[in-house]
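# Coordinate analysis (summary)
Below are the chains, spelled out letter by letter.
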Amino acid sequence: MTDSKYFTTTKKGEIFELKAELNSDKKEKKKEAVKKVIASMTVGKDVSALFPDVVNCMQTDNLELKKLVYLYLMNYAKSQPDMAIMAVNTFVKDCEDPNPLIRALAVRTMGCIRVDKITEYLCEPLRKCLKDEDPYVRKTAAVCVAKLHDINAQLVEDQGFLDTLKDLISDSNPMVVANAVAALSEIAESHPSSNLLDLNPQSINKLLTALNECTEWGQIFILDCLANYTPKDDREAQSICERVTPRLSHANSAVVLSAVKVLMKFMEMLSKDLDYYGTLLKKLAPPLVTLLSAEPELQYVALRNINLIVQKRPEILKHEMKVFFVKYNDPIYVKLEKLDIMIRLASQANIAQVLAELKEYATEVDVDFVRKAVRAIGRCAIKVEQSAERCVSTLLDLIQTKVNYVVQEAIVVIKDIFRKYPNKYESVIATLCENLDSLDEPEARAAMIWIVGEYAERIDNADELLESFLEGFHDESTQVQLQLLTAIVKLFLKKPTETQELVQQVLSLATQDSDNPDLRDRGYIYWRLLSTDPVAAKEVVLAEKPLISEETDLIEPTLLDELICYIGTLASVYHKPPSAFVEGGRGVVHKSLPPRTASSESTESPETAPAGAPAGEQPDVIPTQGDLLGDLLNLDLGPPVSGPPLVTSSVQMGAVDLLGGGLDSLIGDPSFGAPPAAAVPVRLGAPISSGLSDLFDLTSGVGTLSGSYVAPKAVWLPAMKAKGLEISGTFTRQVGSISMDLQLTNKALQVMTDFAIQFNRNSFGLAPAAPLQVHAPLSPNQTVEISLPLNTVGSVMKMEPLNNLQVAVKNNIDVFYFSTLYPLHILFVEDGKMDRQMFLATWKDIPNENEAQFQIRDCALNAEAVSTKLQSSNIFTIAKRNVEGQDMLYQSLKLTNGIWVLAELRIQPGNPSFMLSLKCRAPEVSQHVYQAYETILKN
């Protein structure tokens, strides 16, 4: 009779009856009672009251009964920790039972009971089981170490279990080896920094020996472990590949994908000239093809992985195109994935086959699939130039079918074909224009408008066509509105006399009647261009467009390399690295393919680092004294290349009014078309206003005068090191502009002239915004003070520490180098006050791992004074609360590169120590922001 009868009773007073049966003398009755208890527990009834009675049943030789009692224990030990201790003695005894199944069962159960009090008693029995003569017990104990590590990592390390686990990698039994590898991998994932799996050629050899004999899951653990190993040279990589290759013919698809991952990774190290490399490529294709005969869900996972493999090494499957042809009964998700891979494998050799197939798909019933098939024809045209002609004629045939969604997709892809092959297929424009009225999707409408605008000179009634779109301008989507605006401006620049009214109408609609900022800004920019400089407008709007590339949807190479290391995992299905979808940082390590060995690349590519330069180190760009680095010495004494101009140029805005005064009415400001007053030299960063009703005045309202804290000048370059030139300085920020205040002192016996300055690349792109101007020669013992304006549009390179600035100063004597640390608060911008709601949402959105806490000591200010002092340096208080006598200030600041930092400052009245919590998406800036707080508050 089956056990289903235990699940059918729902009597009252059942617990009492079960209690009596559990304490019965008859073994059979006891066993029946325990089965009933487990059945009740399984359907969710609370049978924890029977804990002591069930525990009493542990003392038995019957393996089945023991298993049931252990199952009950695992479930209720957490809620009854004190009672669970009663079972400890039986565990310890069972760990020494002559039957290996009972020994293993005891140690497995003890590992599953997550009660701290019990873990202490677990250590001795576990130590014995790890060295047990029976492999079944050893393999169970190996997994138990990983479970125990999860409960109490410190205990496992103190007891030396990790070393025992490492020894098990050399065990004679393959299943023990596999479980030891699985346990160590699990522990290593939660502690990425620890080097637990210290793999060397000897241990790799043992793993490969065990690989042939263990179960399929054991093989997966071992293969995943091998994938994390980097062979020392190509010979070792080849020997590992040879021993892993037989796994490709395994029946389990997970084993196959894990083997593919190892081979894909180690192939990086093999030279393409090797015979073995070609053999390996041939061996990789059949297992991947076989995966596609599984059920649809497995096919989909296989296809997502094949998509990555084809992007990395298309040559593996280049002869297998037919496998990816769609079957009529494939689910849509498999069809779309196959289609994607077909395009990736398309080449001159198979394009005829592919096009015939795609044309067939375009007449299917599934709308999504048809759309994708039509797009695919366009992608083929762009990828294989020889096929472009055939693709275009295929698309024209499809347009003739007059099926609405087919026509729309065809127009979208023909636009891309025009971009790829200009002046080649424009003869089809007439056919496209016939279908104008049937377009109702934004993307297709936008594509058609682009074609009309781009080829306006070849279309006689281009203005009528575009005007027809204008009638419902406000009902169009943004994409169409933007495209229409640009197309009409293009048309106007090509046929100015006939389309003046049309361009005025569209500019008016875009600027006056639209509330979309993108559209409005583009309208104003075109308008300003047209009214100031038609030649410039032509150069901008009708500029030569770059050809579009073949594969726009390829995965970025570094991400692809990382995803190849995750073949056979969720990351390879999502096509995202684990850090993008695994919450919290635990266990997420960035992986990359091994570097190619010297023998695998016969010629060194220009990108590779020169021999002797360690790969991970950043080059030290500022050279030592006396090392005349041409690049840096060739200091440009002219004006700086980057940065905003110091004086606004006077633009004769009314010089050519293309629209004959028609624009004045659009903005309602008579001064718009008129030339501005005489140009006034403006200090860097001050608001620049013109007659545009402050339309383009991006700086107004920002430059409030803030008295940001300025540190006293410090000696940056002593005279001893610079042949008599002493440089002291500090940094200031005022009215939104940063400057370096320098004091140059000549302590030499000769006159100094021809000063120039240059900065190395730095973390925030600081660079001089003007040349270093020392107006008169610097005589001996003379000192001069200079304020050098800076901007933040220079080259960026992360420095160590983050605020390190390396400077080169040149004069008529020599070039001198020094480095200094700038205070981060000079980079705090004036618009750093965040909206309250935004602050709350951002604070919650930034992960907790990014929160850093600091203590500011010896600061005797109250909350009001703190807030005022910090605001003068652009740290803004957004809200203030009093919680249990403590003042809490919530603050925000923004750096010049757009990074926001949110702060919570806790101030206890009468206590000179404040607690500062900082949250930021770039946690490396937190330490420096804290130093800025300290500096500002204590000075």
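The name given to the protein chain in an unreviewed UniProt entry is AP complex subunit beta, and the organism recorded there is Sciurus vulgaris. In UniProt, the protein chain has this text filed under Sequence similarities (unreviewed entry): "Belongs to the adaptor complexes large subunit family." Taken directly from UniProt, the Subcellular location (unreviewed entry) text for the protein chain runs: "Endomembrane system".

If you walk across this open sheet you meet the five strands as β9-β13-β12-β11-β10, and the pairing is antiparallel. Edge strands, defined here as strands with exactly one partner in the open sheet, are β9 (851-856) and β10 (876-883). Neighbouring strand axes in the sheet, compared pairwise and without regard to direction, differ in orientation by 20° on average. Pairing between β10 and strand β11 (residues 886-894): seven bridges, direction antiparallel. Directly across from A879, in β11, lies its bridge partner Y890. The strands that helix α35 (residues 836-845) touches are β9, β10, β11, β12 (900-907) and β13 (914-920); relative to β12, the one it contacts most, it runs at about 95°. Helix-sheet contacts for helix α36 (residues 863-871) involve β10, β11, β12 and β13, and the interaxial angle to β11 is about 5°.

Another aspect to go through is the environment of L345. In this fold, L345 is placed in helix α19 (residues 332-345). Along the sequence, L345 and L317 sit 28 residues apart, while their C-alpha atoms lie 7.6 Å from each other.

What follows covers the confidence of the model for the protein chain. Here the protein chain averages 80 in pLDDT, and 85% of its residues register 70 or above. In the model, residues 598-706 has pLDDT below 50 throughout and makes 155 contacts with residues more than four positions away in sequence or in other chains.

Here helix α13 (residues 201-211) has its buried residues at S203, I204, L207, L208, A210 and L211. The buried residues of α13 all sit within an arc of 160° when viewed along its axis, so they share a single face. Structurally, α13 contributes buried residues whose contacts are with α12 (174-190), α14 (216-227) and α15 (234-244).

Orientation of helix α9 (residues 135-151) relative to helix α11 (residues 161-168), taken along the N-to-C sense of each, is 140°, at an axis distance of 11 Å. Considering their axes alone, α9 and α11 lie oblique with respect to each other. In the crossing of α9 with α11, the sense of the turn from one axis to the other is left-handed. On α11, the residues that touch R138, A142, V145 and L148 of α9 are F161, L165 and L168.

What follows is about the sheet that holds strand β7 (residues 804-810). Ordered by their spatial adjacency, three strands build an open sheet running β4-β7-β8, and the pairing between neighbours is antiparallel. Across the chains shown, the open sheet's two edge strands, defined by having one partner strand only, are β4 (756-759) and β8 (815-821). Sheet twist, expressed as the average angle between the axes of neighbouring strands with direction ignored, equals 25°. Sheet topology places β4 next to β7; four bridges connect them, and they run antiparallel. In the strand pairing of β7, A756 is matched with K810.

Here we come to the side chain of D171. Mapping D171 onto the fold places it in the loop between α11 and α12. A polar side-chain atom of D171 sits 2.8 Å from the main-chain amide nitrogen of N173. With residues up to four places along the chain from it excluded, the contact list for D171 reads R138, V176 and V177.

Y72, V244, L358 and F418 are the most contacted members of the largest nonpolar core, which has 214 residues in total. In this structure L358 touches L339, M342, I343, A373, A376, I377 and C380, once residues within four positions along its chain are discounted.

Ring pairs (aromatic) are described by centroid distance and by the angle formed between their planes. Per the stated rule, a full pass over the model turns up 13 aromatic pairs. With centroids separated by 5.4 Å and ring planes inclined at 80°, the aromatic side chains of F418 and Y455 adopt a geometry described as edge-to-face. Residue F418 is found in helix α23 (residues 404-420), and its partner Y455 is found in the loop between α25 (442-454) and α26 (462-470); the two are separated by 37 residues along the sequence. Comparing F418 with Y455 shows no difference in burial state: the two are buried. Relative to Y455, the ring of W450 lies with its centre 6.4 Å away and its plane at 85°, an arrangement referred to as edge-to-face. Taking the relative accessible area as the measure of exposure, Y455 reaches 7% and is therefore buried. By the ring-pair criterion, three or more aromatic residues cluster together here, those being W716, F731, F818 and Y822. Over the face of the ring belonging to F369 we find K335, whose NZ or CZ atom lies 5.2 Å from the ring centre.

Here is what the cut-offs are and how they apply
- Residues numbered from 1 in each chain as written.
- Predicted model: local features only at pLDDT ≥ 70, side-chain atom pairs only at ≥ 80, totals over all residues.
- Heavy atoms only, no water.
- UniProt positions renumbered as here; feature names shortened; annotations may be inferred.
- Pairing = 2+ DSSP bridges.
- Helix = DSSP H or I, 4+ residues; strand = E, 2+ residues; numbered from the N terminus.
- Axes fitted to C-alpha atoms, helices over the stretch in contact; angles between N-to-C directions.
- Contact = heavy atoms within 4.5 Å.
- pLDDT = per-residue confidence, 0-100.
- Buried < 20%, exposed > 50% of the residue type's maximum accessible area, 1.4 Å probe, protein only.
- Arc of directions from axis to C-beta.
- Parallel < 35°, antiparallel > 145°, perpendicular 65-115°, else oblique.
- Left-handed = near helix turned anticlockwise from the far one by under 90°.
- Polar contact = N/O pair within 3.5 Å; in protein donor to acceptor, adjacent residues only side chain to side chain.
- Core = buried A, V, L, I, M, F, W, Y, C linked by side-chain atoms within 4.5 Å.
- Phe/Tyr/Trp six-rings, centres within 6.5 Å; stacked < 30°, edge-to-face > 60°.
- Lys NZ or Arg CZ within 6 Å of the ring centre and 35° of its normal.

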